Amino acid sequence: MPRKKQVIQRKRRQKTYASGESAAPLDLAPKGAFRVFHNYRLFAVIGTLVMVAGLGITSAFLKGNNGTSANVSPRGQGVIRTTPEAGSTATGNQSNVKQYSAAPAMSIDPNKAYTAIIKTDKGTITVQLDAKAAPQTVNNFVFLAKDGYYKNSPFYRVIADASGHVDFVQAGDPTGLGTGGPGYTLPTENTATAFDSAGVLAMAKPQSSDQPNNGSQFFITTAALPTFDGRYTVFGKVVSGLDVLKQLQPRDPQLEQQPGSPALIQSIDIQAS
């Protein structure tokens, strides 16, 4: 290209600035559809929405898998043997369960013989209560039974060994979850009765071993369990109907997501002589 034309084109490309005007950098903002990438506020809003949605999905996933844990016994190995402790599997709705502001006053005569007739939908169990060895516990049990606290409550735990033989059954929680109670506790009464045979009636212990165990939950053994000696307040002995308990189907809402239907306590009648 001739030199004269090159000079003319160079002058055309050069911009003449007025007095006081400086050469500002070129505006490189994208055009058309690409303008969206230049809107930083829009990108911040989109990023926040994506983060919130991700957290919500993660929370839902974890909640849905909460029921499956390492504590669930594998199939084929039977129910894991555990101690009769009031569990913490879930928070049940106790709006229809009786609650008391304090433990009952002493109303029984420890020198009398008290018998509990436990009527269930599977049969009747008769228990001789030991008021001399555990007067506060027997008094508490008699009060709750007469007040209808145990009516229609389940044997919510039926624990068996690896061979399927029932070791003990647990009841006394109207919620059926292992979390219920009358709203109070009593101190443990130390009794000398050993768990050397079936049919021992004792108070179930709460999750924390240092807490009082006399609320409303109780268990009855269907086999000798010497490892329980000295750990629970014993307050009675089954005199008839033990076979009713031995035939119950193993279930444990603390370990199973969908345990079978429990046997129900229809009523507990107290006789004194």
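Please refer to the structure higher up on the page.
A brief report on the enclosed structure follows. Note that the structure is a prediction, hence the values are computed from the model and not measured. (Residues numbered from 1 in each chain as written. Predicted model: local features only at pLDDT ≥ 70, side-chain atom pairs only at ≥ 80, totals over all residues. Heavy atoms only, no water.)

**Re the sheet that holds strand β2 (residues 123-129)**
- Spatially, β3-β9-β1-β2-β8-β6-β7-β5-β4 is the arrangement adopted by the 9 strands of the open sheet, whose pairing is antiparallel. Of all the strands in the sheet, just β3 (153-154) and β4 (157-160) have a single pairing partner and so form its edges.
- The pairing of strand β1 (residues 114-120) with β2 spans 7 bridges and is antiparallel. The partner of threonine 120 across the bridge, within β2, is glycine 123.
- Each of β1, β2, β6 (200-203), β7 (218-221), β8 (234-240) and β9 (264-272) touches helix α3 (residues 135-146); the most contacted strand, β9, lies at about 120 degrees to it. (Pairing = 2+ DSSP bridges. Helix = DSSP H or I, 4+ residues; strand = E, 2+ residues; numbered from the N terminus. Contact = heavy atoms within 4.5 Å. Axes fitted to C-alpha atoms, helices over the stretch in contact; angles between N-to-C directions.)

**Here's the deal with the pattern of salt bridges**
- With the rule as written, the count across this model stands at 3 salt bridges.
- Close ionic contact of aspartate 269 with lysine 119 constitutes a salt bridge, the shortest N to O distance being 3.5 Å. Of this pair, aspartate 269 sits in strand β9 while lysine 119 is found in strand β1, placing the two residues 150 residues apart along the sequence.
- Aspartate 269 sits in the partly exposed class, given a relative accessible area of 31%.
- Here arginine 157 and aspartate 252 are joined by a salt bridge, their closest N and O atoms 3.2 Å apart. You can see arginine 157 sitting in strand β4 and its partner aspartate 252 sitting in the loop between α4 (242-246) and β9, a full 95 residues away along the chain.
- When its relative accessible area of 1% is taken as the criterion, aspartate 252 is described as buried. (Salt bridge = Lys/Arg side-chain N within 4 Å of Asp/Glu carboxyl O. Buried < 20%, exposed > 50% of the residue type's maximum accessible area, 1.4 Å probe, protein only.)

**Some words on the side chain of threonine 175**
- Looking at the secondary structure, you find threonine 175 in the loop between β5 (166-171) and β6.
- Owing to a relative accessible area of 19%, threonine 175 belongs among the buried residues under this scheme.
- There is a polar contact of 2.8 Å between the side chain of threonine 175 and the side chain of aspartate 173.
- Within the structure, the side chain of threonine 175 is placed 3.3 Å from the backbone nitrogen of leucine 177, a separation counted as a polar contact. (Polar contact = N/O pair within 3.5 Å; in protein donor to acceptor, adjacent residues only side chain to side chain.)

**Topic: α3**
- With 12 residues, α3 should reach 16 Å at 1.5 Å per residue; the first-to-last C-alpha distance of 16 Å fits that figure.
- If you follow the buried residues of α3, they end up packed against β1, β2, β6, β7, β8 and β9.
- Within two residues after α3, glycine 148 carries a phi angle of roughly 80 degrees, on the positive side. (Expected span 1.5 Å × (residues − 1).)

**Things to note about the packing of aromatic side chains**
- Applying the stated criterion across every chain, the model contains 16 aromatic pairs.
- Pairing phenylalanine 219 with phenylalanine 228 gives two aromatic rings, centres 6.0 Å apart and planes at 85 degrees, and the pair type is edge-to-face.
- Given a relative accessible area of 0%, phenylalanine 219 falls into the buried group.
- Taken together through their ring pairs, the aromatic side chains of Tyr100, Phe141, Phe143, Tyr149, Tyr150, Tyr184, Phe218 and Phe235 make up a single cluster. (Phe/Tyr/Trp six-rings, centres within 6.5 Å; stacked < 30°, edge-to-face > 60°.)

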